[in-house]
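As a plain string of letters, each chain reads:
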Amino acid sequence: EEGYDVEIWAKDIPGKVSGVASYWEPFASVPDSEKRDQKWGRQTYSKLEDQTRDGAPGLAVFPGLSMFSGEIDPPDWAHYVPSYRHLSTNGQLVEASKGKGINIPSHAKSGYALDYPTFDMPKYLPHLMAEFTGKGGRILNRTVSEGLVEALENADTVINCTGLASRDLVFDKHVQAMRGQLVEVTRPAGVDMVVIDDEHPDGMRNVMTHGDHIMLGGTAERSADETPDEEVSRKILARCTDLVPALAKCRVIKSHVGLRPYRSTGIRLEAENSGISRSDGKGDKRIIHCYGHGGSGVTFSWGCAENVAALVK
């Protein structure tokens, strides 16, 4: 949209990691030392509101409830989410869930309610790809070499958004896989919320509603194993059904595993001089890094894209 000639190089089209993203909220990413994540989150949330109004495929907004085992302060992003409502007691959580078919556990002492954008990625990602190619972008099915050498031979600016692969491609040992397992189920009548209980003693309980199905989660563990564990799926389903009893009527569609690209020192979004001269003599070619988002990839996506575009300009 800024008028540049752009190619996307990718080994997997669409990417495997992006196939299981589910809802907007900062999660499992190290806070940015310069607080840029505040801007990234705000810009993304605003963009998603616009896209929802425009009917973007795979994108929907559902009312939601998050709960915690202790008293919490409003998160840093609360001020830019118009629907945010703080719930400081178990009683307020119970009141907010009234008529929604949610069992608020006794360990929940506080939380918040808001409208959650949710992503059905098998629909949303092809929509973005069609937007990209429709504006003249090209998507090439190819691998990328260590040090991004081959990419730098083909362009004056290379944007490195390779996620977990940055560990090997640009030798960043701060990057590591954070495994997440989800269970996709049919959506029973009456289930129309996002419900998050990450602090349940038996494990995370995430009920993430989409158009015709629900994603149930989940896990967050340091592992690169992409094979679903059916016993883990069974426990996820049991925990989530205890939270939302209507899920007893659902049918399991599939178990999913995604590897979040976690970076222990925070998201890397910066320009780097490659030391390779441009053919037109106007300085050196540049690499713009944008990776290490952990579980906040879709949450910061549009804001990070704006930041990258500004660096390119």
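Each remark here, short or long, concerns the structure printed above.
The structure contained in this document is the topic of the report that follows. (Residues numbered from 1 in each chain as written. Predicted model: local features only at pLDDT ≥ 70, side-chain atom pairs only at ≥ 80, totals over all residues. Heavy atoms only, no water.)

Considerations on the overall build of the protein chain
This is how it is decided: Working definition: helices are DSSP H or I runs of at least four residues, strands are E runs of at least two. Numbering for both runs from the N terminus. In this setup the radius of gyration rests on C-alpha atoms only. A globule is expected at 2.2 Å times the number of residues raised to 0.38. Each residue is assigned to one of three classes by its accessible area relative to the maximum for its type, calculated with a 1.4 Å probe on protein chains only: buried under 20%, partly exposed between the two thresholds, exposed over 50%. The contact definition used throughout considers only heavy atoms, calling two residues in contact when any of these lie within 4.5 Å. Each accessible area is a Shrake-Rupley result for a 1.4 Å probe, and residues are judged covered by the shown protein chains and nothing else. Asp and Glu count as negative and Lys and Arg as positive, but His and the ends of the chain are not part of the count. A charged residue contributes its charge at one atom only: NZ of Lys, CZ of Arg, CG of Asp or CD of Glu.
Within the protein chain, the secondary structure is distributed over seven helices and 14 strands. In terms of overall dimensions, the protein chain is globule-like: its C-alpha atoms have a radius of gyration of 20 Å, near the 20 Å expected for 313 residues. On the principal axes, the C-alpha backbone points of the protein chain span a range of 65 × 40 × 35 Å. Split into buried and exposed, the 313 residues of the protein chain put 43% on the buried side. A separation of at least 24 residues holds for 76% of the contacts in the protein chain among residues at least 6 apart in sequence. Total accessible area on the protein chain stands at roughly 15,400 Å², and carbon and sulfur atoms take up 49% of it. Positive and negative charge centroids in the protein chain, built from 36 and 44 side chains respectively, lie 1 Å apart.

Brief notes about the environment of lysine 282
Relative to the helices and strands, lysine 282 resides in the loop between β13 (268-277) and β14 (284-291). For lysine 282, a relative accessible area of 63% puts it in the exposed group. Note: C-alpha distance between lysine 282 and aspartate 156 (126 residues apart in sequence) is 9.9 Å.

Thoughts on the layout of surface pockets
Over the atoms rolls a probe the size of a water molecule, and in doing so it shows where empty space is left. What counts is decided by this rule: Grid points spaced at 1 Å over the protein atoms alone were grouped into cavities, where a 1.4 Å probe fits but cannot get out, and pockets, open sets with protein on both sides within 12 Å along at least five of seven lines, with lining residues defined by an atom within 4 Å of a point. Grid points are joined across faces, edges and corners, and a volume is the space filled by probe spheres set on the points. Throughout, the ten residues Ala, Val, Leu, Ile, Met, Phe, Trp, Tyr, Cys and Pro are labelled nonpolar, Asp, Glu, Lys and Arg are labelled charged, and all others, Gly among them, are labelled polar.
When its volume is computed, the second largest pocket comes out at roughly 520 Å³. Lining the second largest pocket are 23 residues, with Pro26, Phe27, Pro31, Pro75 and Trp77 sitting closest to its centre. Among the secondary structure elements, those contributing two or more residues to the lining of the second largest pocket are α1 (36-53) and β2 (59-68). Per-element accounting of the lining of the second largest pocket gives the leading share, three residues, to β2. Taken together, the residues of the lining of the second largest pocket sort by class into 14 nonpolar, three polar and six charged.

So, the side chain of serine 255
How we decide: Whenever two N or O atoms come within 3.5 Å, that pair is a polar contact, provided that in protein one can donate a hydrogen and the other can accept it, and provided that, for residues adjacent in sequence, both atoms are side-chain atoms.
Mapping serine 255 onto the fold places it in strand β12 (residues 252-263). Side-chain polar atoms of serine 255 contact the side chain of serine 233, separated by 2.7 Å. Ignoring anything within four residues of it in the chain, the contact list for serine 255 reads Leu182, Val183, Pro228, Glu230 and Ser233.

Concerning unusual backbone geometry
Negative phi characterises most residues that are not glycine, and trans characterises most peptide bonds. Going from glycine 217 to glycine 218, the amide bond is cis rather than trans, its omega being -5°. By the secondary structure assignment, glycine 218 is in the loop between β10 (213-217) and β11 (221-222). A positive phi angle is found at lysine 35, which is not glycine, with a value near 60°. Note on placement: lysine 35 falls in the loop between β1 (7-10) and α1. Relative accessible area serves as the criterion here: at 60%, lysine 35 is assigned to the exposed category.

So, the pairing of β2
To keep things clear, this is the line we draw: Here, strands pair whenever DSSP counts at least two bridges between them.
Extensive coverage of β2 is indicated by the burial of seven of its 10 residues. Summarising the sheet, β2 and strand β8 (residues 194-197) pair through four bridges and their orientation is parallel. Counterpart to methionine 67 in the pairing with β8 is aspartate 197.

So, the nonpolar core
Quick note on the threshold: Throughout, nonpolar core names a set of buried Ala, Val, Leu, Ile, Met, Phe, Trp, Tyr and Cys residues whose side chains join them through atoms within 4.5 Å.
The biggest cluster of nonpolar side chains holds 28 residues, and the ones touching the most others in it are Trp24, Trp77, Val81, Tyr112, Tyr116, Phe119 and Met121. Only α1, β2, β4 (110-119), α3 (121-134) and β8 provide two or more residues apiece to this core. Per-element accounting of this core gives the leading share, four residues, to β4. If we ignore the near neighbours within four places in the chain, the residues touching phenylalanine 119 are Ala21, Ser22, Tyr23, Trp24, Leu48, Gly58, Leu59, Tyr124, His210 and Val298. By size, the runner-up hydrophobic cluster in this structure holds 23 residues, among which are Val195, Val207, Leu216 and Leu247.

Considerations on the packing of aromatic side chains
Centre-to-centre distance and the angle between the planes together describe a pair of aromatic rings. As a reminder of what qualifies: Stacked, edge-to-face and tilted are the three classes for Phe, Tyr and Trp ring pairs, Trp counted by its six-membered ring, which pair at centre distances within 6.5 Å; planes under 30 degrees apart are stacked, over 60 edge-to-face, the rest tilted.
As enumerated under the stated definition, the model contains 10 aromatic pairs in all. Both rings, one in tyrosine 23 and one in tyrosine 116, keep their centres 5.4 Å apart while their planes meet at 85°; by these two values the pair is edge-to-face. Of this pair, tyrosine 23 sits in the loop between β1 and α1 while tyrosine 116 is found in strand β4, placing the two residues 93 residues apart along the sequence. Assigned by exposure class, tyrosine 23 and tyrosine 116 land together as buried. On the numbers, 5.4 Å between centres and 90° between planes, the contact of tryptophan 24 with tryptophan 77 is edge-to-face.

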